[in-house]
Structure formats: structure tokens, C-alpha cells
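# Summary of structural features
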Amino acid sequence: MKLMSKCRVALLVATALGMSACNDGKDGNDGLPGEPGAPWVPPVVTTSAVAKVMEWQYAEGVVNVEFSVENQDGVPVEDLDKVQLMSTIKNEAGLLADTVDVTWVAGDDNAPGTLTHAGEGIYNLSMPHEAATSESIGTGYIRPGNGENGMPRTKRVMFTKNDSYAQVSTTDDAKCVACHGEFEDATGNATWGWHQHHHAIDNDQEVIIVEACLVCHTQTEQKDGGWAENTMAMLGHGYKYDDDGVIQASGHASLSKSYSMDKYRCSTCHVDDVVFTASLNGCATCHADLQDADKDLTVNHSNFTDLDCATCHNSFQHEHENGANRDEALNRYNFEIISVVRSEDKATIEVTTKATDSEGKVVDINALTDASPNGWATVMRNGEAMLPGRDEGHVARAKTAPIAGENGEVTYIITHALPYVEGEVLAGGVDGRISYTHRWGYPANAPISVSNIKDVRRTSSDGMKCLTCHTEGLDGHGSARGGFDLGGDACSQCHSAYNWAPGKTQDDGTIGDYAMAWGPLVHNMHFGAYKQDRGLNDMPTTDKNMPVDCQACHTGMIDLEDVAPAVVLNGMDESSVYGITAISANCATCHTGDAAKNHMIQQGGDFNVAITPEADMHTGESGDFAVFDPAPITESCSVCHSPARLAEAHNY
């Protein structure tokens, strides 16, 4: 077949169609005159919308709200056909109680209220609220959208703060976020959230939490005229109705049972100067027998109402001491680390410190009768405390009273430390207890905790953040180690990658994968297999279908390149000690599947590093025992798992 050019083919086609006459070099004739067509305007598509409350007020039997709505491109929405309003006003006792939940729908003759379009995306909504007057004080929100016009619902948009707005004065949203994490992305699966996704926003798109919750969870129970079955006070204090209508301890009530938390430390949730609104249901969440006629109370409350409370309780008069006695003990002495160095002959470690009282005066540490400070020290390897010291799995501690020096300084002599190595890094400090009388009358202890651990241990977390939830620091296990000057960082003096102690077994008699190293232990306790196996409460920041909020503990970027290659020790006895590489030890606490572990192994991770003890035995207080000092192993996880990708996956 003979090939023809594309141009020749086109010419033949044109000739066949009778169009060759147009190829005479002349323009064709103009068409007939006509009206120009109207310009095409693309339809407005709304995939998301933003609403803002411009003005609002209560009037006789109604609440009026002026608001605007724009789509994702800032274009006014002119065809709004549905809007929800919730409003709660204070009753005669000054408590938020009377609530309405009303929705206006275009074309529904039975829909309450009216909606008037003023143009440019501005609307005036008038909704019935029977108990409202022009003097009413309350709060509420609007939520436009999700009608027939295809516009999705906006976030709940709170009423703006004006003279009619019921301002919350007992707590602030930051208190909630501190434990529960950020609310922006919470879903209905938020484990501790009790529909944590029901937060609202203000006109600046900032999240509103407590005041949004109060719209439904008012200050009065449903049976007494409130909206929800459980009041905000009930949820806050840790009680709510079960399916049988019986009030049960729940949620925040576990603060008294969970590790080192104190539900009576009011400042965990409340602002310092609480403006107290006395209500029977609020007080009864803790004082369950308040209205028991048979209870021998100083004042019989059995026939009281909320209106009676203000007669006596016109301020925050109830003796909630907020940990005052413990706080006094914590602030009674201030210990300062002067130095942590080897002795001149290198045989021991010397920890030099001094203490001042609450007025800044130097105190004689050796003369203290209400406190029991003691010095400790250890050698650091790869940013982790090298254990054992005084005994297997522990740091070395001073066995004798400190030696007095000048200017109130004293020096603790640490005799059970590991032998000196050229270029070593030392960690040391002082811990112990300060005695005080608990608010309920029995003897108690507050911790002493000061060291140079933050200066010598590599970390991507802030131990002080632990005190957000663990309000009593380390009261209980490790109570002599404290945690109030250092937070969770104090734990790392013992919870080291190199901590191996076969006596520290689990309930099933095995060490398992629950390494005593601080990173794997914290991840396990809060999120991982350890938590699940023991049925521990979920971290407040967790959401069943979402990443965890790593910012609750971590600070800044988490860069796996910065993880020290300190092999985490595990094992049952001296003949079966093995190690897990550092990154894998942490990741595997949550990513427990075989596929995940195989992936870690491909990147240099190892779950069964062969570990043998050093040739020399270490002499501790209880005798001689082997020392395990594994060689570091580097994993290549950071090649793919950059800080940005980690952030995307883990939401910190």
C-alpha cells in the first residue's frame, strides 16, 4: 500500500465533502446579525461551609440570631434551607437548665420559627424558647446546613459573648485539652471523649469545648428540668447514670484509682479561683448521701433545693484543699545539684548538692528530721542509664551520710557505681521523701526529685507533661524518686534500656515484651499490648479509629535519626538475656503484628539480639551479679519514616 501524507489525505477528504470552493483564498461571508448570548455562570458548588454568628439576643419567648454563611470559596450561600439551634438559659436558681433543640426546614409548615434571608449570605433566625425573656442569661449554638440544597452542615457555631452570654468561670478549655488532646479531629470514637467530637467553634474557627458541652449537659439533671441525663458536673466529677438509671462512678472517677492521680486536686480541671455555683446535683456527685434523711449530717439537706444552696454556699466554702498540704511539703525545700563527678581516685562518684527552705535560706541537710534525701548516680551509655548499680536493675545510692562542705553544700559518696571509663557521662541526683500530714489526718510523704538527667539523657519528650494527668507524680511506686521537679524524666534513672532484672516479672511470670526501658514501657502502658492485656484505661488522647495525640508527651519533631542505638534488654535469667533494638522496641508496643515486626527487621531491627555479660561481675549490696552491656545497633527506619511522615501518621 502506497503511503500518503496527512496533509494530502485531509485535502482529499475536503474535496469529497464539497469544501474545495472555500480554498479560493477569500474569506467567507459574515453571518446574519443576532443578539449576543448571555455569559455562562458556573453553578455555585458548596462542599463545605463556614457560619458566623453576628448578633443574637433573647426576647419574650424567642431567641433571635443573625448569622452569615459562606462556602469553602468564600462565596455567600444564598439558598440555605435548614438550620439547627440549641439554646440553654439559666433558671431561677442561676443554673443553666432550660434547653431547646429546634430546627427550621424550608417548606416544612410544621417547622418552628422563621428564617429570613437578608442577602449576601446573611440570615435572621427567630426560634421559640418559651422560658426566655429579654433579661435571660444563657448560651447556645447554631448549625446550618444538610438540607435539600446539598450544603453539608457546618461545625456548631457558638453564640458570641455579650451581656446575655453565660460565661463559664470554673474551668477553661485548656484544662480539657491537656489530658484529652486537641478536639479538632476527634470523631465519635474518641475513647475518653463521650462524643468528644461535639465541640463547637467561635467566629474565628477556634474550638469551644466546655461551653459547648454545657448547652446539652447543663447544670441540672434531666429529671429536675435539665436537658441531658448527666450534668456537666457529673461528667467532670466522674459519675453518670447507667442503663438502669443508677449513678455509677465513671470516667474521671478513675483518677483516684489510676496510677498516681488525685481526683481531689481540683486545679487539675478547675481554674485557681473557682467561681462556685452551688447545686445539689453538682455536690451530690461526690457527696452521694447529701440528701439522705437518715444520714446524721450536721445540716439536714434532705428537703433542700438548688435555690436553698446559695443561702449558705455563696462562695467556694467547702474544704477542698486542692492538695495544699502536699504542695507545702513539695515546696518546703529546694534541692540544687552542684556537680556529679568522679572522685579523685576514680573509684566512686560524688554528688554535691545544697538545699534552701521556702524563704531561700540555706538548710543543714544532715540536720533534717522531716525529710530523707539521698544521693544516687549512674554511668550513661548511648543516652541511657547504665544499670545495675547498688543492685541489679537499680542505680547506685549513697550508703553513708553526706559529707558537709562550704556554704551549706554536702557531698554524697556513691560506692557501687560501675568502674571508670575514659570519656564517660555521669547522671546523678538526690531523691527521697518529705513528710507531712494528709488533709484527712494520716501521715504522708511528698517526693524529693532533682538531678542532671535532663542534661545528659537524650529525649524527645517532656517529662513535666506527665504531671498533667499524674497529678500526684509518682506517689506509690517510686514515691521516693519523686517526679515533681523532673516529671516523668525522673523515671528514666531506673527505667533504662539497660535495666535488666529477672525479679521484675509480669503477672504470668514472664518478662515478655514489656521492657523496663522508659520508651517502650510508656507506650505499652498507655497504648500497647501491656495496657490491653491488663485492661488499663485508655489514654484520654486516644481515638479508636484515629492516630494518638503524641503531643501529650512529646515535644517538637520526632526524628528517628536522633534515637540512640541503645539495645533494650529483656530475658528471664542470666542465661537467656536478649535485646531488642531501640526503635523496634518502641514501635512494636503498638504495631504488634508479624507483618509489622518483619518490616522492622528488614530495616535493621532485631527482636532477639544475643547478649552476653561482661567478663567481670559487679559487686552490689546483695552480692555479685553479671553486667550486660550490649553493643549498639543502628536501624534504618529514618530513611522512609521522616518526621513529617511520622507526624502525618501519629498526629503529633
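Numbering of residues starts from 1 in every chain and runs along the sequence as written. A pLDDT threshold of at least 70 governs which residues receive local features in this predicted model, and a stricter bar of 80 or more applies before side-chain atom pairs are shown or counted, although totals over entire chains, interfaces and linings include all residues. As a convention, hydrogens and water are excluded, and side-chain values are obtained from all of the structure's heavy atoms.

Turning our attention to the overall build of the protein. The helix count covers DSSP runs of H or I at least four residues long, the strand count covers runs of E at least two residues long, and both are numbered beginning at the N terminus. The helix and strand inventory of the protein stands at 14 helices and 27 strands. With the model as given, the accessible surface of the protein reaches about 33900 Å², and the carbon-plus-sulfur share is 51%. Under the convention used here, a 1.4 Å probe and the Shrake-Rupley method define accessible areas, while residue burial counts only the protein chains that appear.

By convention in this document, the label disulfide applies to cysteine sulfur atom pairs within 2.5 Å. Taken as a whole and judged by the stated rule, the model has zero disulfides. Here Cys637 is not cross-linked by a disulfide; its sulfur's nearest cysteine counterpart is in Cys587, at 6.2 Å.

This brings us to the packing of aromatic side chains. Pairing of aromatic rings covers Phe, Tyr and Trp, the last counted by its six-membered ring, and requires centre-to-centre distances within 6.5 Å; plane angles under 30 degrees mean stacked, over 60 mean edge-to-face, and any other angle means tilted. Under the definition given, this model contains three aromatic pairs. Taking 5.7 Å as the distance between ring centres and 20 degrees as the angle between the ring planes, the aromatic pair formed by Phe67 and Tyr123 counts as stacked. A residue pair is termed long-range when its members are at least 10 positions apart, and Phe67 in strand β2 (residues 62-71) and Tyr123 in strand β6 (residues 122-128) qualify at 56 residues. One exposure class covers both Phe67 and Tyr123, and it is buried. Partly exposed describes any residue whose relative accessible area lies between the buried limit of under 20% and the exposed limit of over 50%, with all areas from a 1.4 Å probe on protein chains only and scaled to the type maximum.

On to a negative patch on the surface, then. Residues qualify for a patch when their relative accessible area is over 30% and they have no salt bridge, like charges being joined within 9 Å and the nonpolar side chains of Val, Leu, Ile, Met, Phe, Trp and Tyr within 5 Å. A side-chain nitrogen of Lys or Arg and a carboxyl oxygen of Asp or Glu constitute a salt bridge if their distance falls within 4 Å. Residues scored as positive are Lys and Arg, those scored as negative are Asp and Glu, and His as well as the terminal groups of each chain are ignored. One atom stands in for each charge, and that atom is NZ of Lys, CZ of Arg, CG of Asp or CD of Glu. Taken together, the side chains of Glu182, Glu184, Asp204 and Glu206 define an acidic patch exposed on the protein surface. By the secondary structure assignment, Asp204 is in the loop between β9 (200-201) and β10 (207-208). Note on Asp204: relative accessible area 60%, which makes it exposed.

Across all of its chains, the model carries 13 salt bridges by this definition. A salt bridge links Arg342 to Glu424, with the shortest nitrogen-to-oxygen separation between them at 2.5 Å. Of this pair, Arg342 sits in strand β13 (residues 333-342) while Glu424 sits in the loop between β20 (410-414) and β21 (425-437), and the two are 82 residues apart along the sequence. In terms of burial, Arg342 and Glu424 fall into one category: buried.

Another aspect to go through is helix α2 (residues 173-180). Since there are 3.6 residues in each turn of an α-helix, residues three or four apart along the chain are aligned in direction. The set of residues buried in α2 consists of Cys176, Cys179 and His180. Mapping the buried residues of α2 onto a view down its axis gives an arc of 85 degrees, with all of them on the same face. Elements that come into contact with the buried residues of α2 comprise α3 (210-216) and α9 (466-469). In the segment just after α2, Gly181 is the residue with positive phi, at about 80 degrees. Think of it as the arc spanned by the lines of direction from the helix axis to the C-beta atoms. The contact criterion used throughout is that any non-hydrogen atoms of two residues lie within 4.5 Å.

On to the sheet that holds β2. Within a sheet, adjacent strands bond to each other through the backbone by hydrogen bonds, running parallel or antiparallel. Reading across from one edge, β1-β2-β6-β5 is the order of the four strands in this open sheet, with antiparallel pairing throughout. Because the sheet does not close on itself, it has two edges, and the strands there are β1 (49-59) and β5 (114-119). Averaged over all neighbouring strand pairs, the angle between strand axes comes to 20 degrees, with direction disregarded. Sheet topology places β2 next to β6; seven bridges connect them, and they run antiparallel. In this description, strands pair whenever DSSP reports at least two bridges between them. Here an angle of 0 to 180 degrees is reported between the N-to-C directions of two axes, which are lines fitted to C-alpha atoms, with helices fitted over the stretch in contact.

Another aspect to go through is the pairing of strand β4 (residues 96-105). Examined bridge by bridge, strand β3 (residues 82-90) and β4 share nine bridges and lie antiparallel to one another. If you follow Lys82 over to β4, its bridge partner there is Val105. Hairpin remark: β3 followed by β4, antiparallel, with five residues in the connecting loop; positive phi at Gly94, about 80 degrees.

With that settled, the discussion passes to a nonpolar patch on the surface. Together, Tyr264, Trp440 and Tyr442 line one region of the surface with nonpolar side chains, adding up to about 350 Å² of accessible area. Along the chain, Tyr264 turns up in the loop between β12 (247-249) and α5 (280-284).

Glancing now at the sheet that holds strand β8 (residues 156-158). On the basis of which strands lie adjacent, the open sheet formed by six strands has the order β4-β3-β7-β8-β9-β10 and mixed pairing. Every interior strand has two partners, whereas the edge strands, β4 and β10, have only one. Pairing between β8 and β9: two bridges, direction parallel. By the bridge assignment, Arg156 is partnered in β9 with Ala200.

With that settled, the discussion passes to the side chain of Thr581. Of note, Thr581 is situated in the loop between β24 (578-580) and α12 (582-587). Polar contact criterion, stated in full: a pair of N or O atoms within 3.5 Å, where within protein one must be able to donate a hydrogen and the other to accept it, and residues adjacent in sequence count only if both atoms are side-chain atoms. Polar contacts involving the side chain of Thr581 include one to the main-chain amide nitrogen of Asp606, which spans 2.9 Å.

Mapped onto the secondary structure, His217 falls in the loop between α3 and α4 (232-237). Expressed as a C-alpha distance, the spacing of His217 and Thr88, which sit 129 residues apart in the sequence, is 9.8 Å. In this structure the side chain of His217 is engaged in a polar contact, spanning 2.7 Å, whose partner is the backbone oxygen of Asn230.

Below, the discussion takes up the side chain of Arg381. You can see Arg381 is positioned in strand β16 (residues 374-381). At a separation of 2.5 Å, a polar atom in the side chain of Arg381 contacts the side chain of Asp629. Setting aside anything within four residues of it in sequence, one finds Arg381 in contact with Met386, Val421, Tyr498 and Asp629.

This brings us to the nonpolar core. Throughout, nonpolar core names a set of buried Ala, Val, Leu, Ile, Met, Phe, Trp, Tyr and Cys residues whose side chains join them through atoms within 4.5 Å. Grouped together as the largest cluster of nonpolar side chains are 44 residues, with contacts concentrated most on Tyr333, Phe335, Ile349, Val351, Tyr412, Ile414 and Val430. Secondary-structure elements contributing two or more residues to this core are α7 (324-330), β13, β14 (349-357), β16, β20, β21 and β22 (443-451). If you look at the next biggest cluster of nonpolar residues, it comprises 35 residues, including Tyr58, Val65, Val69 and Tyr123.

Here the residue pair Leu387 and Pro388 is connected by a cis peptide bond, since its omega of 10 degrees sits within 30 degrees of zero. With respect to the helices, strands and loops of the structure, Pro388 is situated in the loop between β17 (384-386) and β18 (396-397). One non-glycine residue, Gln205, adopts positive backbone phi at about 65 degrees. For Gln205, the position within the fold is in the loop between β9 and β10. Note on Gln205: relative accessible area 37%, which makes it partly exposed.

Moving on: the confidence of the model for the protein. Any segment with low pLDDT has predicted coordinates that should not be analysed in fine detail. Values of pLDDT, ranging from 0 to 100, describe the predictor's confidence in every residue of the model. Mean pLDDT over the protein works out to 84, with 84% of the residues at or above the 70 mark. Counting contacts from residues 1-22, a segment whose pLDDT is below 50, to residues more than four positions away or on other chains yields five contacts. Low pLDDT, under 50, characterises residues 509-513; the predicted model gives this stretch 16 contacts beyond four residues in sequence or across chains.

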